[in-house]
Amino acid sequence: MNVLICGVGGQGVILFSDLLSSAALSVGLDVKKSEVHGMAQRGGSVNTHVRFGPKVHSPLIEVGTADLVVAFEMLEAVRYVHFLSETGRLLYDTYRLDPLPVKLGMVERPDDDELESRIRARAAEALEVNAFGKAVELGNQRVQNVVMLGAVSRHLELPKRAYLQAIRNNVKKKYVDLNLMAFEAGAELAG
Amino acid sequence: MSRKLLSGDEAIARGAWEAGCRVAAAYPGTPSTEILEALAEYKEVYCEWSTNEKVALEVALGASLTGARALAAMKHVGLNVAADPFFSAAYIGTHAGLVVVSADDPGLHSSQNEQDNRYYGLAAKVPVLCPSDSQEAKELTKLAFEISEEFDIPVLLRITTRIAHSRTVVEPAEREERPLKGYEKKPSKAVMLPAFARLRHVDLEARYDRLREYSEKTPWNRVEKGSSDVGIICDGVAYQYAREVFPDASFLRFGMVNPFPSRLVRDFAALVRKLFVVEEVDPFIELHVKALGLEVAGKDKLPRWHELNPERVRSALVGEARPDRTKPEEGLPNRPPAMCPGCPHTGMYFALQNQKVIVGGDIGCYTLGALPPHNGMDTCIDMGASITFAHGADKALGDSDERRRIAVIGDSTFFHSGITGLVNVGYNRSDVVTIVTDNSTTGMTGHQEHPGTGRTLKGTEVKPVDTAALARACGIDKVVEVDPYTVKQTRKVIRTVLKEPGPAVIINRRPCALLIGLKDPPKAVDLDKCTGCKTCISLGCPALTMQDGKSMIQATVCVGCGMCADVCPKEAIA
């Protein structure tokens, strides 16, 4: 299974992929996950690759072979849509976070309608998930990633307990309950 | 013990701990930083953030020569800084095992170049091990200690970003305790006077010959038999990509790429009809293979720059045209990394805008100030080069150019290698103005301690180095401090200092907003007062944007630092 996760530095893309990969590990699969740190993370475009199955070689997903692309931001969804396989599915948050050159007025951002039509043209299946909105509703925008994880769980064949355990093992104690709630909310959004 | 998902960095730390490592030293640098962070969690290992990589390697060598297994870790360019002791260490050898980790960065995810440090092994006659996933990173770390002791030589463990920062499955083991070996003074081995060093060179060649034999026989250099049509020689993560693209080929994979096992390669070449070398960046293996007179395809097809991935290997070696659906969408705005909301560097760069200066830049988050809207940097060369570049420019330009020569350098970088440059400015007298952007941490690599923070890697409280007093001791008479959150005041101070001749140091002091988790109530724009002049926008803060001709603050992004309120000429932000 090839899952590519993308978003903007600071959105919790890395924690999302940590949780997904520990969930896959806990059911006995081989797992590889790739990410980058350092300068690449500072508010820039961030992506992580999670692969799991009986045996995984490359830590990177080859373009055109992702079963799932998960995007935390709409522009990033379009940036990585070419990773999808012919039958791949895209889950994307409609949340909008303009890159600095757009904010500075140096370049124009395609409007949301155009982004959406580009997504529809490329993805066999594309599903909107308002994870950011749900996270704000839950009182903490930082759980956008775990809301998204809840939604993603509906599209993968890992048991729910694996995700819940991953959250308990990887999230700071005082945020565990909030994150469990976020997960459930996300699963509901996608259900 | 249960399987764990570890990054390559964490796996190296685990391997060092299991191997009985007692002393470890590093300077933070992506993608190597997490090695020491993970190792510091084990109480049996003394770990430190050294002031730079040369210091770290010498500390580790000191421990090795006196009988403790030791490790030094650094990013690829760090080994340039540590090259001097690295070469000497090969002559001297070790007492207890000494492992040097070099984390190369093909693809320049967070670096100024993508040099290939396998060449350091060749140049210094040091064995080079190269894991292809985290489990191998752990096992090869342990093997590196063994080789180091058996062959009396430091071992270079060379990883790349995709090894360092990929999490793969690892089987942990117990620690094997390695007591101190006992120290005996051996000047003819450890004092590199020419008379002794001449003999040590001869000895090194003998050790290197024995290592070559070892490399021919180690199970870490092994053939995986597949079809006889295609044979692929590879090392590191390139093996994983090639395996993905050529599931049926025969493989010769190197866990130890230097010294080069020529016989093994000849034998492998005889098994297959077509020979490929798949390796990242430079043709290191390929040059060796060609030196054997073998016909091989490699960098004539594969790119010599940036990292490999499965599609690059496929399109170079299989050559089938990619379907359109796998081509990236065009015409999207880039999303380059940017300084964070509340970043004190933005205030400093705003204060520098429109000043008549030539700016020697340095390495850290503040290097992003080279980009719009600040365009606040003329050069960024290597760690510490801001001050020395400015000094050289000052000596060259003299009165011929009215732009003042200045340096912008972070606090951690200043301790790493800025101090010697500043001593040079004081000693050889130039008019360089050095701005130390002191955010109380090593920011870019994820908030590591340094000599100015008053705390060590292991959490011990220590006396912080007084940067102002240090600057004065370097012969810089004019030393001023300013808070970059008071942006207008900072601009005034910089202006005043720039007008006066003589070397000066301006310390911009304000902790990194991420470090302290700054999240004050967000600011807002009074739309009646805002004239849309865009002054605040030129701070380059990610929370600020223009909407319908007025400035707008995105409340979910803003951390309430107030720099925009400070610079607004209409007092429209509160």
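Would you mind going over the overall build of chain A with me for this structure?
Of the regular secondary structure elements, chain A holds 8 helices and 6 strands. Starting at the N terminus and walking to the C terminus, you meet the elements of chain A as β-α-β-β-β-α-β-α-α-β-α-α-α-α. Relative to its length of 191 residues, chain A is compact, with a C-alpha radius of gyration of 16 Å against a globular reference of 16 Å. Expressed along its principal axes, the backbone C-alpha trace of chain A runs to roughly 45 × 40 × 35 Å. Taken over 191 residues, chain A has a buried fraction of 64%. Pairs at least 24 apart in sequence give 63% of the contacts found in chain A among residues at least 6 apart. Approximately 7300 Å² of chain A is accessible, and the part contributed by carbon and sulfur atoms is 47%.

Looking at this model, I keep getting lost on the interface of chain A and chain B. Mind explaining?
Interfaces are often sized by the amount of accessible area the parts lose when they come together. Every contact between the two is made by 61 residues of chain A and, on the other side, 64 residues of chain B. Roughly 5000 Å² is buried in total at the junction of chain A and chain B, and carbon and sulfur atoms are behind 56% of that figure. Our enumeration of links across chain A and chain B arrives at 8 salt bridges. For Glu-244 of chain B, the salt bridge is made with Arg-51 of chain A, and the minimal N-O distance between the two is 3.1 Å.

I tried to follow the pattern of salt bridges on my own but got confused; where do I start?
A side chain of one charge can pair with a side chain of the opposite charge if their charged atoms are brought near each other. All names here are of chain B. By the definition in use, this model includes 61 salt bridges over all chains. Linking Asp-483 and Arg-510 is a salt bridge whose minimum nitrogen-to-oxygen distance equals 2.7 Å. Of this pair, Asp-483 sits in the loop between strand E17 (478-482) and helix H19 (487-499) while Arg-510 sits in the loop between strand E18 (504-509) and strand E19 (544-547), placing them 27 residues apart in sequence. By relative accessible area, which is 26% here, Arg-510 ends up partly exposed.

Explanation requested: the domain arrangement of chain B in the structure shown.
Each domain of chain B was delimited in the assignment, giving domain 1 (4-217), domain 2 (221-322), domain 3 (344-509) and domain 4 (519-574). Inter-centroid distance (C-alpha atoms) of domain 2 of chain B to domain 4 of chain B is 55 Å.

How should I be thinking about the packing of helix H16 (residues 385-397) of chain B against helix H17 (residues 411-427) of chain B in this particular structure?
A packed helix pair is summarised by two numbers, namely the angle formed by the two axes and the spacing between the axes. All names here are of chain B. One can describe the packing of H16 onto H17 by two numbers: an axis separation of 7 Å at closest approach and a directional angle of 25°. Compared by their axis directions, H16 and H17 come out roughly parallel. On H17, the residues that touch Ile-387, Thr-388 and His-391 of H16 are Phe-414, Gly-418, Gly-421, Leu-422, Asn-424 and Val-425. For the contact of H16 with H17, the class distribution of residues is 4 nonpolar, 5 polar and no charged.

What is the right way to read the packing of helix H1 (residues 13-26) of chain A against helix H7 (residues 160-170) of chain A from this model?
Residues and elements named next belong to chain A. Two elements in contact, H1 and H7, have axes whose closest approach is 8 Å; the angle formed by their N-to-C orientations is 125°. If you check the angle between H1 and H7, you find them oblique. When you trace H1 past H7, the crossing you get is right-handed. Counted together, Leu-15, Leu-19, Leu-20, Ser-22, Ala-23 and Ser-26 of H1 and Ala-162, Tyr-163, Ala-166, Ile-167 and Asn-170 of H7 form the full contact between these two elements. When its residues are assigned to classes, the contact of H1 with H7 shows 8 nonpolar, 3 polar and no charged.

Would you explain the nonpolar core in this entry?
Soluble, globular proteins show a tendency: their nonpolar side chains are buried together. Residues and elements named next belong to chain B. Among the nonpolar cores identified, the biggest contains 106 residues, and Leu-36, Leu-39, Leu-71, Ile-232, Ile-233 and Val-278 are the most heavily contacted of them. Top contributing element to this core by residue count: helix H7 (residues 134-150), with 6 residues. Built from parts of two domains, this core gets at least three residues from each of domain 1 (4-217) and domain 2 (221-322). Sequence-distant contacts of Val-278, that is, excluding residues within four places in its chain, are made with Ile-232, Ile-233, Cys-234, Asp-235, Ala-238, Ala-242, Leu-302, Leu-308, Val-313 and Leu-317.

What is the right way to look at unusual backbone geometry in this model?
Of all residues except glycine, most have a negative phi; of all peptide bonds, most are trans. Residues and elements named next belong to chain B. A cis amide bond links Thr-30 with the next residue in sequence, Pro-31, at an omega value of 5°. The amide bond that connects Pro-372 to the next residue, Pro-373, takes the cis arrangement and shows omega of 5°. As for its position among the elements, Pro-373 is in the loop between strand E14 (357-360) and H16. Here the phi dihedral of Val-281 falls at roughly 60°; this positive angle occurs in a residue that is not glycine. With respect to the helices and strands, the residue Val-281 is situated in the loop between strand E13 (274-278) and helix H13 (284-291). The phi dihedral of Ser-440 is positive, around 60°, even though this residue is not glycine.

It is not clear to me how the sheet that holds strand E3 (residues 46-49) of chain B should be interpreted in this structure. Could you clarify?
Think of a sheet as strands paired side by side through backbone hydrogen bonds, with each pair either parallel or antiparallel. Residue and element names in this part refer to chain B. Taken in spatial order, the 7 strands make up an open sheet running E3-E2-E4-E5-E7-E6-E12, and their pairing is mixed. At either margin of the open sheet sits one strand with a lone partner, and together these are E3 and strand E12 (256-258). Relative to E3, strand E2 (residues 23-26) runs parallel, the two being bridged by 4 bridges. In the sheet register, Ala-26 faces E3, and the bridge partner there is Trp-49. Its contacts with the sheet put helix H3 (residues 53-65) on E2, E3, strand E4 (70-75) and strand E5 (98-104), and the angle it makes with E4 is roughly 165°.

Help me understand the environment of Leu-90 of chain A, please; the structure alone is not making it clear to me.
Residues and elements named next belong to chain A. Checked against the element boundaries, Leu-90 lands in strand E5 (residues 84-92). Since its relative accessible area comes to 0%, Leu-90 is described here as buried. In this structure the C-alpha to C-alpha distance between Leu-90 and Glu-128, which are 38 residues apart in sequence, comes to 8.4 Å. If we ignore the near neighbours within four places in the chain, the residues touching Leu-90 are Val-69, Ala-77, Leu-84, Ile-119, Ala-123, Glu-125, Ala-126 and Leu-127.

Would you mind showing me how to read H7 of chain A here?
For the α-helix, the turn length of 3.6 residues means that residues three or four positions removed from each other point alike. All buried positions along H7 of chain A are accounted for by Ala-162, Tyr-163, Leu-164, Ala-166 and Ile-167 of chain A. Among the structural elements, H1, helix H6 (144-153) and helix H8 (176-190) of chain A are those in contact with the buried residues of H7 of chain A.

Is there a simple way to think about the packing of aromatic side chains in this case?
When we look at a pair of aromatic rings, we describe it by the centre distance and by the angle of the planes. For the structure on display, the rule yields 14 aromatic pairs over all chains. With centroids separated by 3.8 Å and ring planes inclined at 15°, the aromatic side chains of Tyr-95 of chain A and Phe-132 of chain A adopt a geometry described as stacked. Here Phe-132 of chain A lies in helix H5 (residues 131-137) and Tyr-95 of chain A lies in the loop between E5 and helix H3 (100-103), a separation of 37 residues in the sequence. The residues Tyr-95 of chain A and Phe-132 of chain A share a single accessibility class, namely buried. Between Phe-414 of chain B and Phe-415 of chain B the ring centres are 5.8 Å apart and the planes differ by 65°, which places this aromatic pair in the edge-to-face class. Take Phe-414 of chain B and Phe-415 of chain B: they sit in the same class, and that class is buried. Feature note: the residues Phe-86, Phe-87 and Tyr-120 of chain B constitute an aromatic cluster, connected by ring pairs. In this structure, Arg-253 of chain B is placed above the aromatic ring of Tyr-239 of chain B, and the distance from its NZ or CZ to the ring centre is 3.6 Å.

Quick notes on the rules
- Residues numbered from 1 in each chain as written.
- Chains lettered and ligands numbered in written order.
- Predicted model: local features only at pLDDT ≥ 70, side-chain atom pairs only at ≥ 80, totals over all residues.
- Heavy atoms only, no water.
- Helix = DSSP H or I, 4+ residues; strand = E, 2+ residues; numbered from the N terminus.
- Rg over C-alpha atoms; globule rule 2.2 N^0.38 Å.
- Buried < 20%, exposed > 50% of the residue type's maximum accessible area, 1.4 Å probe, protein only.
- Contact = heavy atoms within 4.5 Å.
- Areas by Shrake-Rupley, 256 points an atom, 1.4 Å probe, with all protein chains shown as cover.
- Buried area = accessible area lost by both parts, 1.4 Å probe.
- Salt bridge = Lys/Arg side-chain N within 4 Å of Asp/Glu carboxyl O.
- Domains from an automatic or database assignment.
- Axes fitted to C-alpha atoms, helices over the stretch in contact; angles between N-to-C directions.
- Parallel < 35°, antiparallel > 145°, perpendicular 65-115°, else oblique.
- Nonpolar A, V, L, I, M, F, W, Y, C, P; charged D, E, K, R; others polar.
- Left-handed = near helix turned anticlockwise from the far one by under 90°.
- Core = buried A, V, L, I, M, F, W, Y, C linked by side-chain atoms within 4.5 Å.
- Pairing = 2+ DSSP bridges.
- Phe/Tyr/Trp six-rings, centres within 6.5 Å; stacked < 30°, edge-to-face > 60°.
- Lys NZ or Arg CZ within 6 Å of the ring centre and 35° of its normal.

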